[in-house]
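Letter by letter, the chains look like this.
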Amino acid sequence: MRQMLEPKEGRSNAGRMADMFARIAGRYDVLNHGLSAGMDILWRARLVRSLAAGSARKILDLAAGTMDVSLALRKKYPFAAIVSLDVCRPMLLRGVAKAAAACGLSRRTPFFLPVQADALTLPLKSESVDRIAVAFGIRNMNPRSEVFAEALRVLRPGGRLCVLEFGSAQRPVCFGLYNLYLSHILPRIGKLVSAEGAAYEYLAQTIKNFPLPAVLDQELAKAGFFKVRHEALTGGIVYLHIADKSA
Ligand SMILES: C[S@@+](CC[C@H](N)C(=O)[O-])C[C@H]1O[C@@H](n2cnc3c(N)ncnc32)[C@H](O)[C@@H]1O
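So, how was this worked out
Residues numbered from 1 in each chain as written. Predicted model: local features only at pLDDT ≥ 70, side-chain atom pairs only at ≥ 80, totals over all residues. Heavy atoms only, no water. Helix = DSSP H or I, 4+ residues; strand = E, 2+ residues; numbered from the N terminus. Buried < 20%, exposed > 50% of the residue type's maximum accessible area, 1.4 Å probe, protein only. Contact = heavy atoms within 4.5 Å. Polar contact = N/O pair within 3.5 Å; in protein donor to acceptor, adjacent residues only side chain to side chain. Near = heavy atom within 4 Å. Areas by Shrake-Rupley, 256 points an atom, 1.4 Å probe, with all protein chains shown as cover. Phe/Tyr/Trp six-rings, centres within 6.5 Å; stacked < 30°, edge-to-face > 60°. Salt bridge = Lys/Arg side-chain N within 4 Å of Asp/Glu carboxyl O.

**So, the environment of alanine 151**
The residue alanine 151 is located in helix α5 (residues 144-154) in this model. By relative accessible area, alanine 151 is classed as buried at 1%. Sequence-wise, alanine 151 and isoleucine 132 are 19 residues apart; in three dimensions their C-alpha atoms are separated by 7.4 Å. Other than its neighbours up to four places away in sequence, alanine 151 contacts Leu122, Ile132, Leu161 and Phe225.

**Here we look at the side chain of threonine 206**
By secondary structure assignment, the location of threonine 206 is in helix α7 (residues 197-209). A polar contact of 2.8 Å, which involves the side chain of threonine 206, links it to the side chain of arginine 139.

**Focus: the site of the ligand**
Around the ligand, the surrounding shell holds 20 residues, and the nearest of these are Tyr28, Ala63, Asp86, Asp118 and Ala135. Contacts to the ligand include alanine 63, whose backbone N or O atom sits 2.7 Å from a nitrogen atom. Separating a nitrogen atom of the ligand from a backbone N or O atom of valine 87 is a distance of 3.2 Å. With the chains in place, 99% of the 600 Å² that the ligand exposes on its own is no longer accessible. No other element matches helix α1 (residues 14-35), which puts 5 residues into the shell around the ligand.

**Re the packing of aromatic side chains**
Under the criterion given, the structure shown has 4 aromatic pairs. Ring centres of tryptophan 43 and phenylalanine 166 lie 6.3 Å apart, and the angle between their planes is 85°; this geometry places the pair in the edge-to-face category. One end of the pair, tryptophan 43, is in helix α2 (residues 39-50); the other, phenylalanine 166, is in strand β6 (residues 155-166), and 123 residues separate them in sequence. Taken as a pair, tryptophan 43 and phenylalanine 166 share a single burial class, namely buried. The interplanar angle of 35° and the centroid separation of 4.9 Å between the aromatic rings of phenylalanine 136 and phenylalanine 166 together place this pair among those described as tilted. Taken as a pair, phenylalanine 136 in the loop between β5 (129-135) and α5 and phenylalanine 166 in strand β6 lie far apart in primary sequence, 30 residues in all.

**Comments concerning the side chain of glutamate 165**
As for its placement among the helices and strands, glutamate 165 is situated in strand β6. Residue class for glutamate 165 comes out buried when judged on its relative accessible area of 0%. Within the structure, glutamate 165 has its side chain in polar contact with the side chain of arginine 139 (distance 2.5 Å). With residues near it in sequence (within four places) discarded, glutamate 165 still touches Phe136, Gly137, Ile138, Arg139, Phe210, Val238 and Tyr239.

**Observations concerning the pattern of salt bridges**
A side chain with one charge can pair with a side chain of the opposite charge if their charged atoms come near. Tallying each qualifying case throughout the model produces 12 salt bridges. When the shortest N-O distance is used, the salt bridge between glutamate 219 and arginine 144 registers 2.7 Å. Of this pair, glutamate 219 sits in helix α8 (residues 213-223) while arginine 144 sits in helix α5, and the two are 75 residues apart along the sequence. Note on glutamate 219: relative accessible area 23%, which makes it partly exposed. What makes arginine 144 buried here is its relative accessible area of 17%. The closest approach of N and O atoms between arginine 160 and aspartate 244, which form a salt bridge, is 2.7 Å. Of this pair, arginine 160 sits in strand β6 while aspartate 244 sits in strand β8 (residues 238-244); the two residues are 84 residues apart in sequence, bridging distant segments of the chain. The residues arginine 160 and aspartate 244 share a single accessibility class, namely buried.

Written out as structure tokens, the structure reads:
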């Protein structure tokens, strides 16, 4: 695994995120699928389709975590090279093991390039990537404007960024039931199952504080993306944002 970790101290919170995800990496997949009743798999599939990456040579899975998106990308776009980038090494190591098992290869699978790095300082050449997917990662990154600027820099002209993220819980979702779930049920389940209740409280808090989808669209447009649009998935629990780089 290439390690290119140069967090921008004082501005990026990448170091703190790496520590937090390292603590829950072992249970991440089980909790992820369990807490979303398996819907996360459908949401990621929608993200992968939206990339429309049929002729892509290189796709970046940003905040790849345990590499579920990378694996889905591999399946849908078998001819593209996939860079799986994340700041948290234990998350990526689980992903590499999954990729090796799924592809029936040794751990040194040639299909994925796992890279440990901060999304704010991507170790990639300008205009070297055709598509970028970010699933449930943007919420954890700060400042977002710098992440979007980096994404725009590494994308080739005509490239596309797709961001999958929980919708803001600043307003009631599914008649307020989802907000109740976030505030009271999710942290308790997290505590019971992983002994890391704080991490799940943090998760709920970041969803509550996340901007409304139209505001995120504005941030993407301000960063220089065009044709920015979004669609609600599962009644607004999750949003998919699609943003293109001009040709
Ligand atoms: C909720 S997980 C999502 C993982 C995966 N994309 C998925 O769909 O399951 C968020 C991931 O973002 C990563 N992350 C947070 N801040 C980051 C940063 N600044 N640069 C790179 N990765 C970051 C964390 O390490 C974690 O693996």
